[in-house]
Amino acid sequence: MDPKALPAHVAMVMDGNGRWANARNLPRTEGHRAGEANLMDVVAGAVELGIQEVSAYAFSTENWKRSPAEVRFIMGFARTVLRAQRDQLNSWGVRVRWVGRSPRLWRSVLGELREAERLTASNTRLTLNMCINYGGRAEIADAARAIAEDVSAGRLKASAINETIFQHYLYSPTMRDVDLFIRTGGEQRTSNFLMWSSAYAELYFSDLAWPDFNRAEFWRACEAYVNRERRFGGAIDRVAP
């Protein structure tokens, strides 16, 4: 694949952990364990390809609706994974960045995220956005609220608001637009993930559960992206008038 044709930013909805476990007569929590190991494999594959940015949907604002036992496991597991994997990610030159809301997020998880951010802040090979307690509508609503507060306080003129200004109020203002949006697990929807940044993303759906979506499958998705024609609302007239 031509490196210049590869997606700069890949977003991933890592779906199917629970179904993967259930199909093997295992607790859903074992699917999350397998999914964590697979995330590291896919990130390694992204580093090998030279991808600049990867966003992983690790826990959504809607996931709080799951059973208290599963939420406790995911939060505790996220804390443990961040602590265990940050040194490996740092050695690969990966910069870890947290994207999401702080309310309800466990203080210990937020602490591990902040420490991972601090440790890897100077890395430039790849940025890994860990989207934990994240929701696309929540992000847009929070940005709109912050803009309204600044307009009310006289810090911003309403007439100055445009897409560029709005971007500055998002959780991660420097995030690139998503080029390739991957969802595993057989579902074909975006599930409230990076709605602003994914406005022109190419969508790629896989029937594989996330624990089976390894780096080879990630490369296959990137290859599919390379072979697509992106027009961003434009059109190509193949027949002369």
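Attention in this report is confined to the structure presented alongside it. Predicted, not measured: the structure shown is a model, and the values here were computed from it.

## Focus: the overall build of the chain
Argument step 1. Across its full length, the chain carries 7 helices and 6 strands.
Argument step 2. If you list the helices and strands of the chain from N to C, you get β-α-α-β-α-β-α-β-α-α-β-β-α.
Argument step 3. Over its C-alpha atoms, taken along the principal directions, the chain stretches across nearly 60 × 55 × 35 Å.
Argument step 4. Expressed as a percentage of the 241 residues in the chain, the buried residues total 48%.
Argument step 5. For the chain, contacts bridging at least 24 residues in sequence account for 76% of all contacts bridging at least 6.
Argument step 6. As presented, the chain carries roughly 12500 Å² of accessible surface, and 49% of it is formed by carbon and sulfur atoms.
Argument step 7. Here the chain carries 32 positive and 28 negative side-chain charges, and the mean point of each set is 5 Å from the other.

## A closer look at the side chain of Asn63
Argument step 1. Relative to the helices and strands, Asn63 is located in the loop between β2 (53–60) and α3 (68–91).
Argument step 2. Using a relative accessible area of 15% as the deciding quantity, one classes Asn63 as buried.
Argument step 3. There is a polar contact of 2.8 Å between the side chain of Asn63 and the backbone nitrogen of Ser60.

## Things to note about unusual backbone geometry
Argument step 1. One non-glycine residue with positive phi stands out, namely Asn133, at about 60°.
Argument step 2. Assignment of secondary structure puts Asn133 in strand β4 (residues 126–134).
Argument step 3. Despite not being glycine, Leu194 shows a phi value in the positive range, around 50°.
Argument step 4. Counting through the fold element by element, Leu194 comes out in the loop between β5 (180–183) and β6 (202–205).

## Some thoughts on the pairing of strand β1 (residues 9–13)
Argument step 1. Burial runs high along β1: 5 of the 5 residues are buried.
Argument step 2. Residues His9, Ala11 and Val13 of β1 are buried on one face, and the alternating residues Val10 and Met12, pointing to the opposite face, are buried as well.

## Here we look at the packing of aromatic side chains
Argument step 1. The full count for this structure, using the stated rule, is 9 aromatic pairs.
Argument step 2. With 5.0 Å between their ring centres and 80° between their planes, Phe59 and Trp64 make a pair best called edge-to-face. By the burial criterion, Phe59 is buried, and Trp64 matches it.
Argument step 3. Consider the rings of Phe73 and Phe77, whose centres lie 5.3 Å apart with planes at 15°: the pair is stacked. Pair noted here: Phe73 and Phe77 are both in helix α3, with a separation of 4 residues, about one helical turn. Accessibility classification places Phe73 together with Phe77 in one group, the buried group.
Argument step 4. Taken together, Tyr57, Tyr134, Tyr171, Phe181 and Phe193 form an aromatic cluster joined through their ring pairs.

## Comments concerning the packing of helix α2 (residues 28–49) against α3
Argument step 1. One way to put it is that α2 packs onto α3 with a least axis distance of 11 Å and a crossing angle of 25°. What the angle tells us is that α2 and α3 run roughly parallel. Read as a crossing pair, α2 and α3 show a hand that is right-handed. Contact with α2, carried on its side by Arg28, Thr29, His32, Arg33, Glu36, Met40 and Val43, involves Glu70, Phe73, Ile74, Phe77, Val81, Gln85, Gln88 and Leu89 of α3 and no other residues of that element.

## As for the packing of α3 against helix α4 (residues 107–120)
Argument step 1. Relative to each other, α3 and α4 sit at 10°, their axes nearing to 9 Å. For the element pair α3 / α4, the angle class is roughly parallel. Residues Met75, Arg79, Leu82, Arg83, Arg86, Asp87 and Asn90 of α3 form the contact with α4, whose participating residues are Ser108, Val109, Glu112, Leu113, Glu115, Ala116, Leu119 and Thr120.
Argument step 2. Of the residues contributing to the contact of α3 with α4, the split by class is 6 nonpolar, 3 polar and 6 charged.

## Points about the environment of Arg28
Argument step 1. Structurally, Arg28 can be placed in helix α2.
Argument step 2. For Arg28, a relative accessible area of 32% puts it in the partly exposed group.
Argument step 3. Put simply, Arg28 and Gly18 are 10 residues apart on the chain and 4.5 Å apart in space, counted from C-alpha to C-alpha.
Argument step 4. Those residues in contact with Arg28 that sit more than four places away from it in its chain are Gly18, Arg19, Ala21, Asn22, Arg66 and Glu70.

## Some details on the environment of Leu180
Argument step 1. Turning to its location among the elements, Leu180 is positioned in strand β5.
Argument step 2. Taking the C-alpha atoms as reference points, Leu180 and Ala224, separated by 44 residues in sequence, lie 9.7 Å from one another.

What counts and what doesn't
Residues numbered from 1 in each chain as written. Predicted model: local features only at pLDDT ≥ 70, side-chain atom pairs only at ≥ 80, totals over all residues. Heavy atoms only, no water. Helix = DSSP H or I, 4+ residues; strand = E, 2+ residues; numbered from the N terminus. Buried < 20%, exposed > 50% of the residue type's maximum accessible area, 1.4 Å probe, protein only. Contact = heavy atoms within 4.5 Å. Areas by Shrake-Rupley, 256 points an atom, 1.4 Å probe, with all protein chains shown as cover. Lys, Arg positive; Asp, Glu negative; His and termini not counted. Charge placed at Lys NZ, Arg CZ, Asp CG, Glu CD. Polar contact = N/O pair within 3.5 Å; in protein donor to acceptor, adjacent residues only side chain to side chain. Phe/Tyr/Trp six-rings, centres within 6.5 Å; stacked < 30°, edge-to-face > 60°. Axes fitted to C-alpha atoms, helices over the stretch in contact; angles between N-to-C directions. Parallel < 35°, antiparallel > 145°, perpendicular 65-115°, else oblique. Left-handed = near helix turned anticlockwise from the far one by under 90°. Nonpolar A, V, L, I, M, F, W, Y, C, P; charged D, E, K, R; others polar.

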